[in-house]
Amino acid sequence: TEDGSTLVRVREDIKSPWKELFKLNPFELSSSIIGFTPDNSSFYMVTSLDGDTARLMEVNASTGERRLIVEDSHYDLSSVMQHPTKHTLEAVGFDKERFEWVVLDPQ
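In this text, all values refer to a predicted model and were calculated from it rather than measured experimentally.

So, how was this worked out
In this convention, every chain numbers its residues from 1, walking through the sequence in written order. The predicted nature of this model means local features are confined to residues of pLDDT at least 70 and side-chain atom pairs, given and counted, to a pLDDT of 80 or more, with totals for whole chains, interfaces and linings taken over all residues. Note: side-chain values were computed over all heavy atoms of the structure, leaving out hydrogens and water. Ring pairs shown here join Phe, Tyr and Trp side chains whose ring centres sit within 6.5 Å, with only the six-membered ring taken for Trp; geometry is labelled stacked below 30 degrees between planes, edge-to-face above 60, and tilted in between. Categorising residues by exposure relies on relative accessible area from a 1.4 Å probe, with only protein chains included: less than 20% of the type maximum marks a residue as buried, more than 50% marks it as exposed, and the intermediate range marks it as partly exposed. Here the nonpolar core consists of buried residues drawn from Ala, Val, Leu, Ile, Met, Phe, Trp, Tyr and Cys, with membership extended through side-chain atoms lying within 4.5 Å. Helix and strand assignments come from DSSP, with helices taken as H or I runs of at least 4 residues and strands as E runs of at least 2, each series counted from the N terminus. Contacts between residues were defined by any pair of non-hydrogen atoms, one from each residue, lying within 4.5 Å.

(A) Seen up close, the packing of aromatic side chains. Considering all chains together, one arrives at two aromatic pairs under this definition. Plain terms: the ring middles of phenylalanine 36 and phenylalanine 43 are 6.4 Å apart, the flat faces sit at 75 degrees to each other, and that makes the pair edge-to-face. Judged by relative accessible area, phenylalanine 36 falls into the partly exposed class, the value being 44%. On the basis of an interplanar angle of 80 degrees and a centroid distance of 5.2 Å, the ring pair of phenylalanine 99 and tryptophan 101 is categorised as edge-to-face. With relative accessibility at 44%, the residue tryptophan 101 sits in the partly exposed group.

Structure follows, in structure tokens:
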């Protein structure tokens, strides 16, 4: 946008019009969409939105409702490992004094 914000837009299918889901302030830390949930109803996003550090959120693609998946109150989330075909979350990494993986799916 003109002020440097990022609009996140979604649509139901290829023929539906785009609708604005929410706007990300340009000062949010490393906001990026990682991928979709296995059922395609939501997407995963790394962002500092609603917090002080970069963390992993699940965002409902219809409503924009956000659910915190994992965060560290002092360190930024820097890596997300997602299964390449199942699209499930496997692990996340935080940049601490030493890089640290947190396993989300023990399988």
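(B) Representation of the nonpolar core within the structure. Counting 10 residues, the largest nonpolar core consists of Val8, Val10, Leu21, Phe22, Leu24, Phe43, Met45, Leu49, Val59 and Ala61. Contributing elements (two or more residues each) for this core: strand E1 (6-10), strand E2 (19-24) and strand E4 (42-47). In terms of residues, this core owes the most to one element, E2, which gives three residues. The residues touching leucine 49, leaving out its near neighbours within four places in the chain, are Phe22, Leu24, Glu28, Arg55 and Arg66. Core analysis: the second largest hydrophobic core is formed by nine residues, Ala54, Val70, Leu89 and Val92 among them.

These results come straight from atomic positions and should not be treated as a statement about function.
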